[in-house]
Amino acid sequence: MSVIYSASVPAEAAGSSTYKELSVFGDVFERVRAQYVTPPAEDKLIENAINGMLSSLDPHSSYMNSKDAEDMRTQTKGEFGGLGIEVTMEDELVKVITPIDDTPAAKAGVLAGDYISEIDGQSVRGLKLEDAVEKMRGAVNTPIKLTLIRKGADKPIELTIVRDVVAVQAVKSRVEDDVGYLRIISFTEKTYPDMEKAIKKIKDTVPADKLKGYVLDLRLNPGGLLDQAINVSDALLQRGEVVSTRGRNPDETRRFNAGPGDLTDGKPVIVLINGGSASASEIVAGALQDLRRATVLGTRSFGKGSVQTIIPLGENGALRLTTALYYTPSGRSIQGTGITPDIKVEEPLPEELQGKMVTEGESSLRGHIKGQSETDEGSGSVAYVPPDPKDDVQLNYALDLLRGKKTDPAFPPNPDKAVVAK
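Here is what the cut-offs are and how they apply
- Each chain has its residues counted from 1, running along the sequence as written.
- At least 70 in pLDDT is required for a residue's local features to be given in this predicted model, at least 80 for side-chain atom pairs to be given and counted, and no such filter applies to totals for whole chains, interfaces and linings, which use all residues.
- For side-chain calculations, the full set of non-hydrogen atoms in the structure is used, while hydrogens and water are omitted.
- We count a stretch as a helix when DSSP gives it H or I for four or more residues in a row; a strand needs E for two or more, and each element gets its number in order from the N terminus.
- All radius of gyration figures rest on C-alpha atoms, and the globule criterion is 2.2 Å times the number of residues raised to 0.38.
- Relative accessibility thresholds used throughout: buried, under 20% of the residue-type maximum; exposed, over 50%; partly exposed, between the two (1.4 Å probe, protein chains only).
- Residue contacts are counted whenever heavy atoms from the two residues lie within 4.5 Å of one another.
- Here the accessible surface of atoms and residues is derived via Shrake-Rupley with a 1.4 Å probe, and residues count as covered only by protein chains that are part of the display.
- Lys and Arg are tallied as positive, Asp and Glu as negative. Neither His nor the chain termini are counted.
- The atoms used to mark charge sites are NZ of Lys, CZ of Arg, CG of Asp and CD of Glu.
- UniProt positions are given in the numbering used here, feature names are shortened, and annotations may be inferred rather than shown by experiment.
- Strand pairing is assigned whenever DSSP detects at least two bridges linking the two strands.
- Axes, fitted as lines to C-alpha atoms, cover a helix only where it is in contact. Angles between the N-to-C directions of the axes lie from 0 to 180 degrees.
- Crossing chirality is assigned from the near helix's rotation relative to the far helix, an anticlockwise turn below a right angle marking it left-handed and a clockwise turn marking it right-handed.
- Residue type decides the class: Asp, Glu, Lys and Arg count as charged, Ala, Val, Leu, Ile, Met, Phe, Trp, Tyr, Cys and Pro as nonpolar, and the leftover types, Gly among them, as polar.
- By definition, a salt bridge exists where a carboxyl oxygen of Asp or Glu is found within 4 Å of a side-chain nitrogen of Lys or Arg.

## Quick notes on the overall build of the chain
Looking only at helices and strands, the chain has nine helices and 20 strands in total. For 422 residues, the compact-globule formula gives about 22 Å, and the C-alpha radius of gyration of the chain, at 24 Å, lands near that figure. Based on the C-alpha atoms only, the size of the chain along its principal axes is roughly 75 × 70 × 40 Å. Put simply, the chain has 422 residues, and 44% of those count as buried. Sequence separation of at least 24 residues holds for 71% of the intrachain contacts in the chain that already meet a minimum separation of 6. In the structure as shown, the chain presents an accessible area of about 22200 Å², 51% of it carried by carbon and sulfur atoms. Across the chain, the mean location of the 51 positive side-chain charges is 3 Å away from that of the 62 negative side-chain charges.

Following this line, the structure appears as C-alpha cells:
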C-alpha cells in the first residue's frame, strides 16, 4: 500500500466530552484487568483497543507494534538478513520454489524442489509458513542449520548456512524476441533502480531499430511506496502531472510532476493490469493512461485510491493512518472504482480454478472509504496470471499489438490528447 513517512503531525486538542469518554475507557480497562475470568495480557488489551478504533475508520488504517513496524520497514526497504529462497508450504513441510542467485542458500547447494523438514533441529511440522520464514531470517553473519529432504536422496541432507543480506527483486525482466518485458512485483526502495537496470539490459540486448516496445506488467502488484510509483511513471514521461494527493484540508494538496527524460526513448508501452493491481500500481497505470503515454490492457484494477502516512511512535511501533486520497492527472479518484483498461482482455481461468476465484476489490472491503465516482459496479476483477507465458492471453494480446499483428483504436495512444485536470 502507498505510504508516506512522517515523523510528526499536528493535532488539535479534543473537547471535554471526548476526555469524559476516555475516562469510561479507563474504567472498562481496569474492570477487565482486575475481574476477567483469566488474567489478560494488558499490552494486548491496549493494542486490540487501538486497532479496534482504527479499523472502524477504514480497512487500511492500523496500529503496528514494534515487530510489525520493523517488518514493514524490511518490506519497503527491499532487503533483509536471510538465506535467499522463495518458499511455500506443502504437506506440512516448507518447499523451496527456487533459490535466488548469488545468495547463501544457492551457494550452499539448496535446490528448487527441496523440502525443509527441520530448522535448527526443530521440526517445521505444525508451524505456519510465516513462522518458518521468520525463523530462517535473522541477523547477517549468523548461522542456521537446515535439514532437507530431496527427491532421489537416500537420507536427509543437513546444511549449515550463514545468513547474509538478501535483496528482494522488485522488477523482473526478459526479452520477448523484439519486445522488452518488465514485471514490477512491488514498489519498494529498489523498484526504480531495478527498473532502470532492466531497461538498460533490454536495450543492450535488442538493437533500437529492432525493439518494438515494452510491456509493463503491473498485474498482481499490491502497491508500495508512493515515491517509487512517481519515479516509475516519471521514467516513461517527459512532462505532466503524475499524481496529486488531497487530504482533509485544501492546503494539504500535493502535486507531483514528471521531468524530462524517457528511459525507453519514446518506444510504445502497453501496461497490463488486473484485479490484483492496487494502490501504487494504479497510480502508474492512471498517469500513463491519462497522459496517453501508454495503452492500458487487461481488466479493472483493485481500486485502492488512499494514501497512508506512517507515524512513528518511538519504541511502541507506528501508526498507519489514512490521511489523503490520490488523484490521477485528469483529476479522477479511483477509490472504489479502479482503473478501467483502454482494451479489456479477460484472462481465462483453468478448469480447476473456475468457480473458486472471486472478484475482490476495494469496493467490497467492509468499511472502505466511498470514492467520489464509486458506483454499484464497484472495483476489481479476477486476479489470475498463468504461470506459463505461452498461456497468458493478456500478455500475448499485448505482444501482438506491439508487433502489428492486432490493431485497436486505443493503440498507440496520442500524447497530444492527454486528459488533464483543468
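Anyway, onward from the coordinates.
## Digging into the UniProt feature "domain: PDZ" (unreviewed entry) in the chain
Mapped onto this numbering, the UniProt entry annotates "domain: PDZ" (unreviewed entry) at residues 69–139. As annotated, residues 69–139 comprises 31% helix and 34% strand, and the C-alpha atoms at either end are separated by 17 Å.

## So, the sheet that holds strand β17 (residues 295–298)
Adjacent strands of a sheet pair through backbone hydrogen bonds, lying either parallel or antiparallel. Pairing in this open sheet of six strands is mixed, and the strands run β11-β12-β13-β16-β17-β20 from one edge to the other. If you trace the sheet from one side to the other, it starts and ends with β11 (171–176) and β20 (343–344), each paired once. Sheet topology places strand β13 (residues 213–217) next to strand β16 (residues 269–273); four bridges connect them, and they run parallel. Within β16, the position partnered with Asp-217 by the bridge is Leu-272. Across the face of the sheet, helix α8 (residues 280–290) comes into contact with β13, β16 and β17 while running at roughly 140 degrees to β16. Of the strands in this sheet, β11, β12 (179–184), β13, β16, β17 and β20 touch helix α9 (residues 393–402), which is tilted by about 165 degrees from β16.

## As for the packing of helix α1 (residues 16–35) against helix α2 (residues 42–55)
Relative orientation of the contacting elements α1 and α2 amounts to 145 degrees, with a least axis distance of 11 Å. Relative to α2, the crossing made by α1 is right-handed. Across from Phe-25, Phe-29, Val-32 and Arg-33 in α1, the residues of α2 making contact are Glu-42, Leu-45, Ile-46 and Ala-49. By residue class, the composition of the contact of α1 with α2 is six nonpolar, no polar and two charged.

## Here's the deal with the pattern of salt bridges
In total, this model carries 26 salt bridges according to the counting rule given. One salt bridge in this structure joins Glu-134 and Lys-67, with 3.9 Å as the shortest N-O distance. With a gap of 67 residues between them, Glu-134 in helix α5 (residues 129–136) and Lys-67 in helix α3 (residues 66–77) connect regions that are remote in the sequence. Residue Arg-174 is joined to Glu-176 by a salt bridge in which the shortest nitrogen-to-oxygen separation is 2.7 Å. The exposure class assigned to Arg-174 is partly exposed, which follows from its relative accessible area of 31%.

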